[in-house]
Amino acid sequence: MKRVFDVIYVEHRKKFLFVSLFIYCLIGVLRTSVINEIQVCSVLLNVLLILIAVILCFYLFFDVIFRKIKITPFLIIGGLCAFCSLIFARNSIICFFIAFLFSLKDEDFNEIVKIVSLALFIGLVLVVFLSLIGCIESGVGHRGEQVRLKFGFVSATQSSIFFFLVCLTYNYFKKEKISYFVLLFEFIVNLAIYYFTDTRTGFALTLVIIFTSIILKLYALFKEKKIIKGGQDCKTNESLTCSDKVNKICSVIFALVPVLMVSAFGLLVYLYQFQSDFIIKINGILSNRLNLTYQAFLDRPLTLFGGVYSWEQNGQYIGVDSAIYYYLFNWGIIPAIFIMTVITYLFYKAFRGRQYLLCFALLIMMCDGIIDRTLFDIRYNVFLLSFISLDSRLIFGEQVQTYNYLI
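Draft legend 1. Region of interest: the overall build of the chain. For the chain, the helix and strand inventory stands at 17 helices and four strands. Relative to its length of 407 residues, the chain is compact, with a C-alpha radius of gyration of 22 Å against a globular reference of 22 Å. Expressed as lengths along the three principal axes of its C-alpha atoms, the size of the chain is roughly 65 × 60 × 45 Å. Buried positions account for 47% of the 407 residues belonging to the chain. Pairs at least 24 residues apart make up 73% of the contacts formed inside the chain by residues separated by at least 6 positions.

Draft legend 2. Local environment of the pattern of salt bridges. Counted by the stated rule, this structure contains eight salt bridges. For the salt bridge of Asp-106 with Lys-68, the shortest nitrogen-to-oxygen distance reads 3.8 Å. Of the two residues, Asp-106 sits in the loop between helix H5 (93-103) and helix H6 (109-132) while Lys-68 sits in the loop between helix H3 (39-65) and helix H4 (73-88), which places them 38 residues apart along the sequence. With relative accessibility at 13%, the residue Lys-68 sits in the buried group. Here Arg-379 and Asp-377 are joined by a salt bridge, their closest N and O atoms 2.8 Å apart. Using a relative accessible area of 3% as the deciding quantity, one classes Asp-377 as buried.

Draft legend 3. Examining unusual backbone geometry more closely. For Ser-287, which is not a glycine, the phi torsion comes out positive at approximately 55°. The residue Arg-354 is not glycine, and still its phi comes out positive at about 60°. Along the chain, Arg-354 turns up in the loop between helix H15 (333-352) and helix H16 (356-371).

Draft legend 4. Spatial organisation of the packing of aromatic side chains. Following the criterion strictly, the structure yields 42 aromatic pairs and no others. Their ring planes at 45° and their centres at 5.9 Å tell us that Tyr-9 and Phe-66 sit as a pair that is tilted. Residue Tyr-9 is found in helix H1 (residues 2-11), and its partner Phe-66 is found in the loop between H3 and H4; the two are separated by 57 residues along the sequence. Cation over ring: Arg-300 sits above Trp-311, and NZ or CZ is 4.4 Å from the ring centre.

Draft legend 5. Focus on empty space enclosed by the protein. The tally for this structure, following the rule as stated, stands at two cavities of 30 Å³ or more. Looking at the largest cavity, its volume works out to about 100 Å³. In terms of lining, the largest cavity is formed by Leu-168, Asn-171, Tyr-172, Lys-175, Ile-209, Thr-212, Ser-213, Leu-216, Leu-357, Phe-360 and Ala-361. Of all the elements in the fold, those that place two or more residues in the lining of the largest cavity are helix H7 (158-174), helix H9 (200-230) and H16. It is H9 that provides the largest number of residues to the lining of the largest cavity, a total of four residues. Split into classes, the residues belonging to the lining of the largest cavity amount to seven nonpolar, three polar and one charged.

Draft legend 6. Region of the structure containing the packing of H7 against H16. The interhelical angle for the contact between H7 and H16, taken along N-to-C directions, is 170°, at an axis separation of 11 Å. Viewed along their axes, H7 and H16 adopt a mutual orientation that is roughly antiparallel. Here H7 contributes Phe-164, Leu-165, Leu-168 and Tyr-172 to the contact with H16, which in turn contributes Leu-357, Leu-358, Phe-360, Ala-361, Ile-364, Met-365 and Asp-368.

Draft legend 7. The arrangement of the environment of Ile-370 in detail. Note on placement: Ile-370 falls in helix H16. The buried category is assigned to Ile-370, whose relative accessible area is 13%. When the C-alpha atoms of Ile-370 and Ser-263 are compared, they prove to be 10 Å apart, with 107 residues separating the residues in sequence. When residues no more than four places from it in sequence are discounted, the contact partners of Ile-370 are Met-261, Val-262, Phe-265 and Ser-322.

Draft legend 8. Focus on H16. For H16, built from 16 residues, the straight-helix expectation of 22 Å at 1.5 Å per residue is met to within 8% by its first-to-last C-alpha distance of 24 Å. Within H16, burial applies to Leu-358, Cys-359, Ala-361, Leu-362, Ile-364, Met-365, Met-366, Asp-368, Gly-369, Ile-370 and Ile-371.

Draft legend 9. Here's a closer look at the environment of Val-189. Within the fold, Val-189 resides in helix H8 (residues 180-197). In this structure the C-alpha to C-alpha distance between Val-189 and Phe-163, which are 26 residues apart in sequence, comes to 8.7 Å.

Draft legend 10. Layout of the confidence of the model for the chain. Overall, the predicted model of the chain reaches an average pLDDT of 90, with 93% of residues at or above 70. The low-confidence segment residues 228-240, where pLDDT is below 50, has seven contacts with residues more than four positions distant or belonging to other chains. Below pLDDT 50 for its whole length, residues 400-407 participates in 22 contacts with residues either more than four positions away or in separate chains.

Draft legend 11. Representation of the environment of His-12 within the structure. Mapped onto the fold, His-12 is located in the loop between H1 and helix H2 (13-30). In this structure the C-alpha to C-alpha distance between His-12 and Ile-395, which are 383 residues apart in sequence, comes to 25 Å. Not counting residues within four places of it along the chain, the set of residues in contact with His-12 comprises Val-7 and Tyr-59.

Scoring rules and cut-offs
- Residues numbered from 1 in each chain as written.
- Predicted model: local features only at pLDDT ≥ 70, side-chain atom pairs only at ≥ 80, totals over all residues.
- Heavy atoms only, no water.
- Helix = DSSP H or I, 4+ residues; strand = E, 2+ residues; numbered from the N terminus.
- Rg over C-alpha atoms; globule rule 2.2 N^0.38 Å.
- Buried < 20%, exposed > 50% of the residue type's maximum accessible area, 1.4 Å probe, protein only.
- Contact = heavy atoms within 4.5 Å.
- Salt bridge = Lys/Arg side-chain N within 4 Å of Asp/Glu carboxyl O.
- Phe/Tyr/Trp six-rings, centres within 6.5 Å; stacked < 30°, edge-to-face > 60°.
- Lys NZ or Arg CZ within 6 Å of the ring centre and 35° of its normal.
- 1 Å grid on protein atoms, 1.4 Å probe; cavity = no way out; pocket = protein on both sides within 12 Å on 5 of 7 lines; lining within 4 Å.
- Points joined across faces, edges and corners; volume = space filled by probe spheres on them.
- Nonpolar A, V, L, I, M, F, W, Y, C, P; charged D, E, K, R; others polar.
- Axes fitted to C-alpha atoms, helices over the stretch in contact; angles between N-to-C directions.
- Parallel < 35°, antiparallel > 145°, perpendicular 65-115°, else oblique.
- Expected span 1.5 Å × (residues − 1).
- pLDDT = per-residue confidence, 0-100.

Next comes the structure, spelled out in structure tokens:
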């Protein structure tokens, strides 16, 4: 029995957790497709989700027993929000975030990004392929007179969103080592998806990612040539711009970005009631999101821990898509505050740790989160797990005793 426990908990811990994360993210893709509408597939996906939950509970339980996890205020508050959102809103997203964050806290974040990128890519290709060969319904949507292909997803925007996420995670993992051929491939596919789905946000953000990757490659090349020319490493003394004091100030400013973006969207929602030409135009650009959010504030209650609500009226979707406001209505006031605090702190820690590529990824996800509700879901935003690479005592506490069961 001891040997079996050692094999599962110690020797193959990483494999079990990485496979669980892979399947969890793959399920996230499949559940947004018409595959989830097939009863057998839906049941199978739910069973796999329960199995992943059991595996995570197993590791977390013994991590606590063997003092690999320290009980911190973050864990207590996060656990409360996770439990309440599960009970009141029937939502497990915060639960899985907490579980994966603490069970994977000793792993390499770059490897985690690689796993998630692979899961998203396989899920996207699988759904699109099955729709193209007719195994599942492709479906179409409309924006005015514009016909938008869904490629097997429930919404026409999903294929663009997932491709944007694949590009962001894969390019982050490869960094300056990504090839120009891959970047050209991303550019062509992005154009094709935009042509068929007319998804503007995913298209624009993917372009930003591609061009940023090109700049990163050129910068690395410039650095390499400079090193070769000088015959030694290019090292400079610490300047004012990279001093610890300036870095701390800039970290605080960067941490305010999510707050300012959410506040700016809220201000636009408030101004929508005056129906000015400017606001109506902005509402059109944002696909009626200002109107829907404004109506939600008029018609829906705000509770501490959310609830299960119907966001359809006469067959039309009337839900809130802006992430933080979506969490505010559906998950409740306290979870929404918790999420906003976590994101703000993550922005601070990323800049404080001088992980500027991570800062870029977080900023891109925040831009997407203003008009999409997947900001706080590791199936879409794996960068929430980057706390494990930021040495955060506030999240994990002081260094604790590690498990040494094997003899």
